[in-house]
Structure formats: C-alpha cells, structure tokens
Amino acid sequence: MSIILLAIESSCDDTSAALLKDGVLLSNIMASQEVHKKYGGVVPELASRAHQQNILPVVEGALKEAGYNITQVDVIAYTRGPGLLGSLIVGSSFAKGLSLALNKPLVDVNHLQGHLLSPFIVEPNQQKRVPQFPYLSLLVSGGHTQIVLVNSPLEYEVLGKTIDDAAGEAFDKCAKLLNLGYPGGPVVDKYAKEGNPLKYKFAKPVVGELDFSFSGLKTSLLYFLRDQTKENQNFISENIYDICASFQYTVVDILVDKLARAAKKTGVKEITLSGGVSANSLLRKKVEERGAKLNWNTYLPDFKFTTDNAAMIGIAGYYRYLAGYSATHDLSPASRAKEFSL
Ligand code: KG4
Ligand code: ZN
C-alpha cells in the first residue's frame with residue numbers, strides 16, 4: 001500500500017504545502033509574501049498573519065494539483081523549526097488540527113534536515129542522480145551557513161558553521177546598503193553578471209578552519225561605501241555592477257574554499273549544495289569548477305528547491321516516518337536550531 005504524505009512548511013516568509021506518494025513529489029505549492037519588500041527584511045508579525053491567510057489555499061492547492069482529497073492523506077509532516085516562532089506556530093497548529101481531525105499520524109521535521117535532504121526530491125518518472133552517503137552539504141540560506149556531513153537520512157554531523165551572519169544575510173545586507181530591496185541575493189547575483197569581480201577587494205575573515213564569519217565583510221562594505229561616497233556622491237549608482245560582482249566574488253570564494261577544506265579533511269567527494277544561496281550562479285559555477293579539478297561528484301539542487309519549500313519537508317518527513325518517528329500533539333515549535341537533537 002502506498003503512503004500519501006502531506007507536508008507543510010511555514011518557518012519564515014514562504015507558506016508552502018506539498019503532496020508526496022511513496023516519497024515521490026506530486027505537487028509543491030508556494031505562496032511567497034510580498035508584504036515584507038518595503039521593509040527591507042521579514043517582519044515576523046506580518047509573516048505569521050500572511051501564513052494564516054495563505055495556509056488553507058496552499059494546502060488545498062497542493063491536494064488539487066496532485067489529484068487527491070484530504071481524506072486520502074496517510075501522514076502529515078510539518079516544520080517544527082528552526083525559524084520565526086509566530087510563523088512556525090501557524091504551520092504546526094494547522095498540521096496538528098488536520099492530524100486530529102483525520103486521525104492520522106503527525107511527523108515533525110527540522111527545517112535544516114529538509115534542506116540537507118533536498119537532493120532526494122524526485123518527481124514522477126524523473127531519472128535523477130542522487131548523492132551517495134556519506135556526502136557533504138554546504139547549507140547556505142538566509143538564516144544558516146553550515147558544512148554538514150550527512151551520513152544517512154537521519155544522521156548528521158555539523159563540521160563548521162557561521163559564528164555570526166549567514167551567507168544569505170550577507171547578500172541581503174549588501175543589497176540593503178545599496179538600496180536594492182529585499183531579498184538581496186537574487187538582485188546582487190543579477191547585477192554581478194554585468195560587473196568586474198576583481199575591481200574591489202574586501203577583507204576575508206579569520207575564523208576556525210571550517211567556520212564562517214560574514215559580519216566583518218558587511219562592515220567593510222559599509223565603510224568602503226561611506227568613504228567612496230564622501231568623494232563622489234554618485235559612487236554607488238556609477239559602480240553598482242562592480243560593487244555587486246566584487247562582493248559576491250568574496251562571499252563565494254570564502255564558501256568554496258571552506259567546502260574544499262572540508263572535502264579534503266573528510267576525504268568525502270560527494271558534494272551537495274542546499275538553501276536559498278545555492279541558487280547563486282557564481283557559487284554553482286565555482287563549485288562545479290573546483291569539483292572538476294578535485295574529482296568531486298557534485299549535485300547542484302534544482303532552482304525551484306533551493307529556497308524554502310514543502311517538498312523538502314516532505315522528503316525528510318517521509319524518511320522520518322519510515323524510521324518510526326512520530327510527533328505528539330503537545331510538541332511545541334522550536335525557533336532555534338540548538339533546541340533540536342538532529
Ligand atoms: O533557504 P531560504 O529560502 O530561507 C532561509 O531558510 O533562510 O534562503 C533565503 C536566502 C536569502 O538571504 C536570499 O537573499 C538568498 O537566500 N538567495 C540568494 C540567491 N537567491 C536567494 N543569495 C545569493 N544569490 C542568489 N541567487
Ligand atoms: Zn531555509
């Protein structure tokens with residue numbers, strides 16, 4: 001008998017629901033929240049309100065697109081955390097309500113586990129190369145930057161992580177300083193294509209061997225822009241492409257360098273990327289190039305599964321369900337990664 005799993009993701013500013021049949025993705029519906037754009041970042045209170053408006057149509061949309069009705073769902077997976085508490089409460093309460101009403105089991109998922117297992121999202125009749133265990137994942141998103149050794153679907157080791165800002169946050173802060181709006185990554189990526197990546201040099205941080213730090217880079221951009229605009233008021237508008245290209249080049253160089261160190265240290269050559277920043281065109285290119293030199297098997301994520309989505313929560317939930325995990329209805333959402341055993 002097959003297992004129909006409904007997955008719900010609401011950890012930040014995207015409301016998403018997906019339906020999977022025996023671990024194969026049938027639908028993945030997203031509602032992105034436009035409301036935050038004018039504030040230059042996600043406003044938690046507005047995010048939870050928007051999740052409340054979006055969640056029912058998004059779940060209905062996922063069922064409809066897959067051609068199923070709610071009574072055919074066998075198990076419900078949801079993001080327990082980490083993320084914004086008010087946002088997580090909406091998804092987890094909805095999932096719990098469904099589980100009670102349908103009398104179906106509930107599986108809680110760590111959002112980061114979803115990102116790590118996103119290379120295993122497959123659609124019907126899709127032939128896909130998937131990584132062999134153990135593999136290394138460079139998990140780069142707006143909230144997290146980690147290098148993780150994934151030993152099996154349920155066993156992980158974090159080898160290094162950021163001691164301050166995440167890589168996505170660095171892109172977002174850069175875009176904010178340049179007045180490019182939110183989220184910053186996609187627009188910095190786009191402008192960087194037109195610029196010279198070697199025009200400006202930004203200082204690289206000195207941290208632990210596999211750790212990251214991006215707050216100094218942001219500060220060095222801030223001082224650089226302040227000094228340059230003192231001399232030329234139009235400095236930013238006249239050099240926007242080169243600034244974006246040079247900043248992006250520095251971030252990507254740091255990420256790829258640490259990934260290569262982790263691969264060397266562990267001897268693991270199965271390499272994946274995940275999280276919103278893995279959509280970055282230069283990062284993808286540089287990982288492919290370095291991988292070709294070092295004989296890695298690289299698995300770049302499909303663009304549509306790089307940013308937050310319920311499909312990845314579905315695949316992680318599916319593995320957890322098969323391994324016998326289930327959540328009780330009194331399990332509360334957890335906003336911080338350290339609250340998880342993972
Ligand atoms: O994984 P995600 O959707 O949400 C979190 O869990 O944080 O990642 C969002 C982050 C944002 O910081 C956004 O600026 C960044 O991913 N991002 C990018 C690109 N597309 C999205 N960063 C660099 N280049 C991109 N093309
Ligand atoms: Zn995420």
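Keep in mind the model is a prediction, meaning the values are calculated, not measured. All residue numbers here refer to positions counted from 1 along the written sequence of the relevant chain. To label them, take the chains in the order written and letter them from A, then take the ligands in the order written and number them from 1. The predicted nature of this model means local features are confined to residues of pLDDT at least 70 and side-chain atom pairs, given and counted, to a pLDDT of 80 or more, with totals for whole chains, interfaces and linings taken over all residues. Where side-chain values are given, they derive from all heavy atoms of the structure, hydrogens and water being excluded.

## Comments concerning the overall build of the chain
Then, in step 1: Secondary structure elements are taken from DSSP: a helix is a run of H or I of four residues or more, a strand is a run of E of two residues or more, and numbering for both begins at the N terminus. Counting its secondary structure elements, the chain contains nine helices and ten strands.
Then, in step 2: Our radius of gyration is a C-alpha quantity, and the globule rule it is checked against amounts to 2.2 Å times the number of residues to the power 0.38. Compactness check: the chain gives a C-alpha radius of gyration of 20 Å against a globular reference of 20 Å for 342 residues, within 12% of the reference.
Then, in step 3: Projecting the C-alpha coordinates of the chain onto the three principal axes gives extents of approximately 65 × 45 × 35 Å.
Then, in step 4: Exposed residues in this analysis have more than 50% of their type's maximum accessible area, buried residues have under 20%, and partly exposed residues fall in between, with area computed by a 1.4 Å probe over protein chains only. Counting only residues that meet the buried cut, the chain has 53% of its 342 residues in that class.
Then, in step 5: Contacts: residue pairs with any heavy atoms within 4.5 Å of one another. Look at the contacts in the chain between residues 6 or more apart in sequence, and 72% of them connect residues 24 or more apart.
Then, in step 6: All accessible-area figures derive from a Shrake-Rupley calculation using a 1.4 Å probe, and residue coverage is judged against the displayed protein chains alone. Working note: accessible area of the chain is about 15,200 Å², and carbon and sulfur atoms make up 51% of it.

## With respect to the pairing of strand β1 (residues 4–9)
Then, in step 1: Across the six residues that make up β1, a large majority, six, are buried.
Then, in step 2: Pairing between strands is defined by DSSP: at least two bridges between them are needed. Strand direction decides the pairing type here: β1 and strand β2 (residues 14–21), joined by six bridges, are antiparallel. Paired with isoleucine 8 across the two strands is alanine 17, which belongs to β2.
Then, in step 3: Where β1 and strand β4 (residues 75–81) come together, four bridges link them in parallel fashion. Within the sheet, the bridge partner assigned to leucine 6 lies in β4 and is isoleucine 76.

## Some remarks on the sheet that holds β4
Then, in step 1: An order of β3-β2-β1-β4-β5 is seen for the five strands of this open sheet, with the pairing classed as mixed. In this open sheet, the two edge strands, each paired with only one partner strand, are β3 (24–32) and β5 (106–110). The sheet shows a mean angle of 20° between the axes of neighbouring strands, taken without regard to direction.
Then, in step 2: Pairing of β2 with β3, which is carried by eight bridges, proceeds in the antiparallel orientation. When the bridges of β3 are listed, serine 16 appears paired with methionine 30.
Then, in step 3: Helix axes are fitted only over the stretch in contact, all axes being lines through C-alpha atoms; the angle between N-to-C directions runs from 0 to 180 degrees. Sheet strands touched by helix α1 (residues 44–66): β1, β2 and β3. Its angle to β2, the strand with the most contacts, is close to 25°.
Then, in step 4: Across the sheet, helix α9 (residues 310–322) lies against β1, β2, β3, β4 and β5, angled at about 130° from β1, the strand it touches most.

## Examining the coordination of the zinc ion (ligand 2)
Then, in step 1: Donor criterion used throughout: N, O or S atom within 2.8 Å of the metal, extended to 3.2 Å for Na, K and Ca. Water excluded; incomplete-looking sites may result. In the first shell of the zinc ion (ligand 2), the protein supplies His111 (NE2), His115 (NE2) and Asp308 (OD), at 2.0 to 2.2 Å from the metal.
Then, in step 2: Angles of 94 to 145° at the metal separate the four donor atoms of the zinc ion (ligand 2), which places the site in the irregular class.
Then, in step 3: Donor residues binding the zinc ion (ligand 2) come from one chain and are separated in sequence as H-x3-H-x192-D. In this pair, histidine 115 sits in helix α3 (residues 111–117) while aspartate 308 sits in the loop between β10 (297–299) and α9, placing the two residues 193 residues apart along the sequence.
Then, in step 4: Among the residues examined, histidine 115 registers a relative accessible area of 0% and is labelled buried.
Then, in step 5: What makes aspartate 308 buried here is its relative accessible area of 14%. Irregular is the label for any site that misses the other tests, which are tetrahedral for four donors with all angles between 85 and 135 degrees, and square planar for four donors or octahedral for six when opposite donors exceed 155 degrees and the remaining angles lie between 65 and 115.

## Examining the layout of surface pockets
Then, in step 1: Counted as a void, the largest pocket has a volume near 1,200 Å³.
Then, in step 2: Going through the elements one at a time, β3, α3, α4 (167–177) and α5 (184–192) are the ones with two or more residues in the lining of the largest pocket.
Then, in step 3: It is α4 that provides the largest number of residues to the lining of the largest pocket, a total of six residues.
Then, in step 4: When residues are sorted by character, Ala, Val, Leu, Ile, Met, Phe, Trp, Tyr, Cys and Pro go into the nonpolar class, Asp, Glu, Lys and Arg into the charged class, and all the rest, Gly among them, into the polar class. By residue class, the composition of the lining of the largest pocket is 15 nonpolar, 20 polar and eleven charged. Think of a 1 Å grid over just the protein atoms. A cavity is a set of points where a 1.4 Å probe fits yet cannot get out, a pocket is an open set with protein on both sides within 12 Å along at least five of seven lines, and lining residues have an atom within 4 Å of a point. Grid points are joined across faces, edges and corners, and a volume is the space filled by probe spheres set on the points.

## What about the site of ligand 1?
Then, in step 1: Taken together, 20 residues are adjacent to ligand 1, and Gly142, Asp172, Gly185, Asp189 and Gly276 come closest.
Then, in step 2: Glycine 143 places a main-chain nitrogen or oxygen 3.1 Å from an oxygen atom of ligand 1.
Then, in step 3: Pairs of N or O atoms are called polar contacts if they sit within 3.5 Å, as long as, within protein, a hydrogen donor faces a hydrogen acceptor (for residues adjacent in sequence, only side-chain-to-side-chain pairs). Glycine 185 has a polar backbone atom sitting 3.0 Å from an oxygen atom of ligand 1.
Then, in step 4: Coverage of ligand 1 by the protein chains reaches 89% of its 560 Å² of free accessible surface. We define proximity as follows: a residue is near a molecule or strand when any one of its heavy atoms falls within 4 Å of that partner.

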